[in-house]
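What the coordinates show
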Amino acid sequence: MHLAVYRSSLARAVVHTHSPAVIAHSTVFDELPAIHYAIAALGGPVRVAPYIRFGGDALAQLAVQALEGRSAAILQNHGAITYGNSLTDAYERAQLLEWLADLYARAVALGTPRLLSPSDLADVTAEVRRRHYSSLTPVTEN
Ligand SMILES: [Zn+2]
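Here's a quick rundown of the structure. Quick caveat: nothing in here was measured; it's all calculated off a predicted structure.

1. Things to note about the overall build of the protein
A count of helical and extended segments in the protein gives five helices and five strands. Helices (α) and strands (β) of the protein occur, in sequence order from the N terminus, as α-β-α-β-β-α-β-β-α-α. Taking 14 Å as the expected radius of gyration for a compact globule of 142 residues, we find that the protein reaches 14 Å, a close match to that expectation. Based on the C-alpha atoms only, the size of the protein along its principal axes is roughly 40 × 35 × 20 Å. Of all 142 residues assigned to the protein, the portion counted as buried reaches 37%. In the protein, of all internal contacts separated by at least 6 residues, the share reaching a separation of at least 24 is 70%.

This is the structure we're talking about:
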């Protein structure tokens, strides 16, 4: 799976986790929606790839598809995969993804979350670029 991500992207580091909020999210939802602007650093709402057993090319291909235009994806009933320009970058994205999944679980417990639109996220990306906030820079910009 890691090799497939390296081959299909500009990744210089790939991180895979079995982080609990992400796994819990993957058992219920097909996507992690944009409820906080920091998700712009992952390229937008994060897809959940359908479940398939670990260890084969099929999982690698599903992960690559879920990563299209994103630097993070969720693997249903399994975990997370993120990538970046460095191991620190990929790891920080994995931490951000876990935080966003936890945040979403809290929001859903309270009611129906209000979502940020694609134009809200584009506005965030433009402001991040203007301020040179590298930690929020989408991977396609790195
Ligand atoms: Zn795994």
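Okay, back to it.
2. Section: the pairing of strand β3 (residues 46–49)
Put simply, side chains in a regular strand alternate between the two faces of the sheet. Of the two faces of β3, the one carrying V46 and V48 and the one carrying R47 and A49 are both buried. Bridging between strand β2 (residues 31–32) and β3 involves two bridges; their strand directions are antiparallel. From the neighbouring strand, L32 faces β3, where its bridge partner is V46. Bridge count between β3 and strand β4 (residues 72–75): two bridges; the pairing is parallel.

3. Describing the environment of D123
Inspection of the secondary structure puts D123 in helix α5 (residues 118–131). Residues D123 and F54, spaced 69 residues apart in sequence, show a C-alpha to C-alpha distance of 37 Å.

4. Examining α5
Side chains three or four residues apart in an α-helix point the same way, a direct result of the helix having 3.6 residues per turn. In this model α5 runs 20 Å from its N-terminal to its C-terminal C-alpha over 14 residues, within 8% of the 20 Å that 1.5 Å per residue would give. Positive backbone phi, approximately 60 degrees, marks H132, located one or two places after α5.

5. Considerations on the pairing of strand β5 (residues 79–84)
Burial runs high along β5: six of the six residues are buried. Neither face of β5 is left uncovered, since the one carrying G79, I81 and Y83 and the one carrying A80, T82 and G84 both have all their residues buried. Pairing of strand β1 (residues 13–17) with β5, which is carried by five bridges, proceeds in the antiparallel orientation. Following the sheet pairing, V14 is matched in β5 by Y83. Across four bridges, β4 lies against β5 in antiparallel orientation. Within β5, the position partnered with A72 by the bridge is T82. Linking two consecutive strands that pair antiparallel, namely β4 and β5, is a turn of three residues; a positive phi of about 55 degrees is found at N77 within it.

Procedures and definitions
Residues numbered from 1 in each chain as written. Predicted model: local features only at pLDDT ≥ 70, side-chain atom pairs only at ≥ 80, totals over all residues. Helix = DSSP H or I, 4+ residues; strand = E, 2+ residues; numbered from the N terminus. Rg over C-alpha atoms; globule rule 2.2 N^0.38 Å. Buried ≥ 20, exposed ≤ 12 C-beta atoms within 10 Å, placed from the backbone. Contact = placed C-beta atoms within 7 Å. Pairing = 2+ DSSP bridges. Expected span 1.5 Å × (residues − 1).

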